[in-house]
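Here is what each chain is made of, one letter per residue.
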Amino acid sequence: MSIYQADKIPILEIKGVSKAFDGKPVLRDLNLELFQGEIISLLGISGSGKTTLFNIIAGILKPDQGGIFLNGEEITGKTGHLAYMLQKDLLLPHLTILDNVGLPLRIRGKSKSDSRAEAMQLIPKFGLVGYENCYPAQLSGGMAQRAAFLRTYLFSSEIALLDEPFSALDALTKDKVQSWYIEMMQELELSTILITHDIDEAVRLSDRVVILQPQTQNIQQQIIIDPQLRKQKDFTLRPEFLEHKKQILKYLAI
Amino acid sequence: MKLLSNNKKISEKFYSLSLVAVLLIVWQVVSDVGIVPSFMLPSPVTVIKAFIKDFPVLMDNLSITLLAGLLGLIFGVIAGFCLAILMDSHEGLRKAIYPILIFSQTVPTVALAPLLVLWMGYGLAPKITVIFLVTFFPVTVNLLESFQATDQDQIRLLRAMGATNYQIFYYVKWPGALDSFFAALKVSASYSIVGAVIAEWLGGSKGLGVYMTQVRKSFAYDKMFAVIFLISALSLALLFVLNLIQKIVMPWKKFQSGKDTNNEKNS
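It should be emphasised that the depicted structure is a prediction, and the values quoted were computed from it without experimental measurement.

> In this structure, what is going on with the overall build of chain A? I would like to understand it.
Summing up its helical and strand segments, chain A has nine helices and ten strands in all. At 18 Å, chain A has a C-alpha radius of gyration in line with the 18 Å of a compact globule built from 254 residues. Along the longest, intermediate and shortest principal axes, the C-alpha atoms of chain A span 50 × 45 × 35 Å. For chain A, the accessible area works out to roughly 10,900 Å², and carbon and sulfur atoms hold 50% of it. Taking the average place of the 28 positive charges on the side chains of chain A and the average place of its 30 negative ones, the gap between the two points comes to 3 Å.

> For this particular structure, what's the right way to read the sheet that holds strand S6 (residues 84-86) of chain A?
Sheet strands pair via backbone hydrogen bonds, and the direction of the pair is either parallel or antiparallel. Residues and elements named next belong to chain A. One open sheet accounts for six strands, arranged S6-S7-S8-S3-S9-S10; its pairing is mixed. In this open sheet, the two edge strands, each paired with only one partner strand, are S6 and strand S10 (218-224). Each adjacent strand pair in this sheet contributes to an overall mean axis angle of 20°, direction not counted. Pairing between strand S9 (residues 208-213) and S10: six bridges, direction antiparallel. Residue pairing for S10: Gln213 is matched across the bridge by Asn218.

> Which parts of the structure should I look at to understand the sheet that holds strand S5 (residues 73-74) of chain A?
Residue and element names in this part refer to chain A. Pairing in this open sheet of four strands is antiparallel, and the strands run S2-S1-S4-S5 from one edge to the other. Two strands in the sheet have a free side with no partner beyond their single neighbour: strand S2 (24-34) and S5. Pairing analysis gives seven bridges linking strand S1 (residues 12-21) to S2, with the strands arranged antiparallel. Paired with Ile14 across the two strands is Leu32, which belongs to S2. Contacts from helix H1 (residues 50-58) reach S1, S2 and strand S4 (65-70), with the element oriented near 120° to S1.

> How should empty space enclosed by the protein be read in this particular structure?
Rolled over the atoms, a probe sized like a water molecule indicates the empty space that remains. All names here are of chain B. Counted under the stated rule, the structure contains two cavities of 30 Å³ or more. Size it by volume and the largest cavity reaches roughly 60 Å³. Taken together, Ala113, Leu116, Val117, Tyr122, Gly123, Pro126, Lys127, Val130, Ala199, Gly203 and Gly204 make up the lining of the largest cavity. Elements supplying a minimum of two residues to the lining of the largest cavity: helix H5 (109-120) and helix H6 (124-148). Looking at the lining of the largest cavity residue by residue, the classes come out as seven nonpolar, three polar and one charged.

> Would you mind going over the nonpolar core with me for this structure?
One broad rule of soluble globular proteins: the nonpolar side chains tend to lie buried together. Counting 46 residues, the largest nonpolar core has Leu12 and Ile57 of chain A as its most contacted members. In contact with Leu12 of chain A, not counting residues within four places along its chain, are Leu32, Glu33, Leu34, Ile57, Ile68, Phe69, Leu70, Leu82, Ile159 and Ile193 of chain A. Listed in part, the 43 residues of the second largest apolar core include Ala137 of chain A together with Val139, Phe169 and Leu238 of chain B.

> Sorry, what's going on with unusual backbone geometry here?
Excluding glycine, residues mostly carry a negative phi; peptide bonds, for their part, are mostly trans. Residues and elements named next belong to chain A. Residues other than glycine seldom take positive phi values, yet Asp22 does so here, at roughly 50°. Of note, Asp22 is situated in the loop between S1 and S2. What makes Asp22 exposed here is its relative accessible area of 84%. A positive phi angle is found at Asp29, which is not glycine, with a value near 45°. Inspection of the secondary structure assignment puts Asp29 in strand S2. Residue classification places Asp29 among the partly exposed residues on the basis of a relative accessible area of 46%.

> Is there a simple way to explain the packing of aromatic side chains in this structure?
Remark: the centre distance and the inter-plane angle together describe each pair of aromatic rings, the angle taken between the planes. Residues and elements named next belong to chain A. Applying the stated criterion across every chain yields a total of 23 aromatic pairs over all chains. Ring centres of Phe54 and Tyr84 lie 6.4 Å apart, and the angle between their planes is 35°; on these two criteria the pair is classed as tilted. Remark: Tyr84 occurs in strand S6 and Phe54 occurs in helix H1; sequence separation between them is 30 residues. The exposure class of Phe54 is buried, given its relative accessible area of 1%. Exposure remark for Tyr84: the relative accessible area of 3% places this residue in the buried category. Grouped by ring-pair contacts, the aromatic residues Phe126, Phe149, Tyr153, Phe166, Trp180 and Tyr181 constitute a single cluster. Directly above the aromatic system of Phe69 lies the positively charged group of Lys15, at a separation of 4.5 Å from the ring centroid. When the ring centre of Trp180 is taken as origin, the NZ or CZ atom of Arg146, which lies over that ring, is 4.6 Å away.

Here is what the cut-offs are and how they apply
Residues numbered from 1 in each chain as written. Chains lettered and ligands numbered in written order. Predicted model: local features only at pLDDT ≥ 70, side-chain atom pairs only at ≥ 80, totals over all residues. Heavy atoms only, no water. Helix = DSSP H or I, 4+ residues; strand = E, 2+ residues; numbered from the N terminus. Rg over C-alpha atoms; globule rule 2.2 N^0.38 Å. Areas by Shrake-Rupley, 256 points an atom, 1.4 Å probe, with all protein chains shown as cover. Lys, Arg positive; Asp, Glu negative; His and termini not counted. Charge placed at Lys NZ, Arg CZ, Asp CG, Glu CD. Pairing = 2+ DSSP bridges. Axes fitted to C-alpha atoms, helices over the stretch in contact; angles between N-to-C directions. Contact = heavy atoms within 4.5 Å. 1 Å grid on protein atoms, 1.4 Å probe; cavity = no way out; pocket = protein on both sides within 12 Å on 5 of 7 lines; lining within 4 Å. Points joined across faces, edges and corners; volume = space filled by probe spheres on them. Nonpolar A, V, L, I, M, F, W, Y, C, P; charged D, E, K, R; others polar. Core = buried A, V, L, I, M, F, W, Y, C linked by side-chain atoms within 4.5 Å. Buried < 20%, exposed > 50% of the residue type's maximum accessible area, 1.4 Å probe, protein only. Phe/Tyr/Trp six-rings, centres within 6.5 Å; stacked < 30°, edge-to-face > 60°. Lys NZ or Arg CZ within 6 Å of the ring centre and 35° of its normal.

Listed below in C-alpha cells is the structure:
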C-alpha cells in the first residue's frame, strides 16, 4: 500500500499537538496522519508521551495546543469517537462476554437486546462462538484479548488504538493473536495505531513505524515497511527486517 | 475436580462438627460430675430443656429484636451506601466527613444507649438508632475503599467510550464493590443483632435483651444460656442468608476464584 499518495485523504489527523504537565512538556507540536487500512506503530522509550498521545486522541485529555480530526471533523477533547485497547483486556468481570463486547453500544444508549443482537452477529468472525455466555474469568488470555478487540471494534469500526495489547501474552499466544489481528484488520478494513515497546512486533505488524523522540517530544523519524515484503512468511528472518531494526535502534539511540 | 472439592468441604464440616460434639460432651460431663456447680454452668441438656420450655416466649421476644435489628440494618446500609457515594464523588466532602465518621465509632454504644432512651423513650426508635450507628460504618468504609480502588484504566476506557458518571458507577464501580459490600453487610448484620440486644438491656418492655436481663436477675442461667445460643443462631442464620444472596447476585464469583483451573481453554 502506498501511504503518501497526494490523492489520499487521512482518516485521522493529529495536528500540531502539544501537551505539558506541571510546566514540563510531554508532547511538542506533534503531527501524524493515519490513512485508511494502515497500521502505524508508535515506538518510544518509557515516558516519551505515547500514552498521553492516546488519551488525547481518545478525547480523555485536552491538548494545550493543536487538534485531532476524524474524517476532517474536529474531535479534540471529545470522548465517544475513538476507543482504545490496553494490554489488560479490561473486560468487566460481572458481565458475560456477549454483554462485555456490547458495552459500547449500551453506553451509546442502545437497548440490551439490540446490543446483544448486534454483538452476536460478530461473535463468529472473532472466533468467540461458544463463549458468549461465559464470564471473562473463564477465558484464556488470548480469547479475552479477542473479546476486548471485538468490544473496541463495536465502538469504533474505522480506527483501533492499541496500547501494547499483546505484551501480556506468552510468546506462542502472542504470535497467534498477532497473525489473527493482521487478518482481521485487513478483512474489516480497520486502521490502527499501535503503541509498542517491542521493535520486532512493530516491524512485523506495521506499514509505518514512527518514533517519538523524548528529546524533541514529537515525531522526527519514521520508517516505511514494504507491505509485500511483510507478507512473506520468512520476513522476520530476512536481512531487510534486520536492517529496519538497526535503523529503529539508531533512531531510538539505544 | 468438583467432586474432590465437594469431598474436601464435607471432610472440613465433619471435623468442625466433631469438635463441637466433643466440646458439648465435655461440657455435659463437667456439669454432671459437679466440677462446676450446675446453677453456674447448666449442662447442655438443661439448656435445651429450658429452650424448649420457654420457646414461645423466646420467639415472641425474638420477633421484636429481629424487627429492630433489621430496621436498623436497613437504615444503616442505606445511609452507608449514600454516604460512600457522596464521599467518593467529592474529595472535599470525603476529607470533611471521614474524621467525623471515625470519631463516631470511638463513642461506646453502651454509653450512648441510655442517653438515646432518655431522648427517644422506650420504643423502637432508640434501638434502631443504636443499630444504625453500629451498622452504617462498616458499609460506608468498605464501599468507599472499593470505589476509590476502582481500576483507573477501566474508568478511562469507559470515559473514552463517552460514558457518563452514572454509567461508570453502574458498570464499573458498583459491581466492583459488591464483594466488599457483602463483606460489610455480613459484619453489619452480626452487629445489628448484638446492637439490638444491648439497646434492650438498657430499657424496653420486650425483646431478647429484656428477656436476658429478666432471667439474669432471677438467676435462671439455663435460660440465659438458651437465649445466648438463640442470639448466636440468629446471627449465623443471617450470615447464611447473606451468603446465599451473594451467590445469587454474583454468579461470576465462582469462576473468579477458580480462574487458574478454568483457564485451560486454548486461545
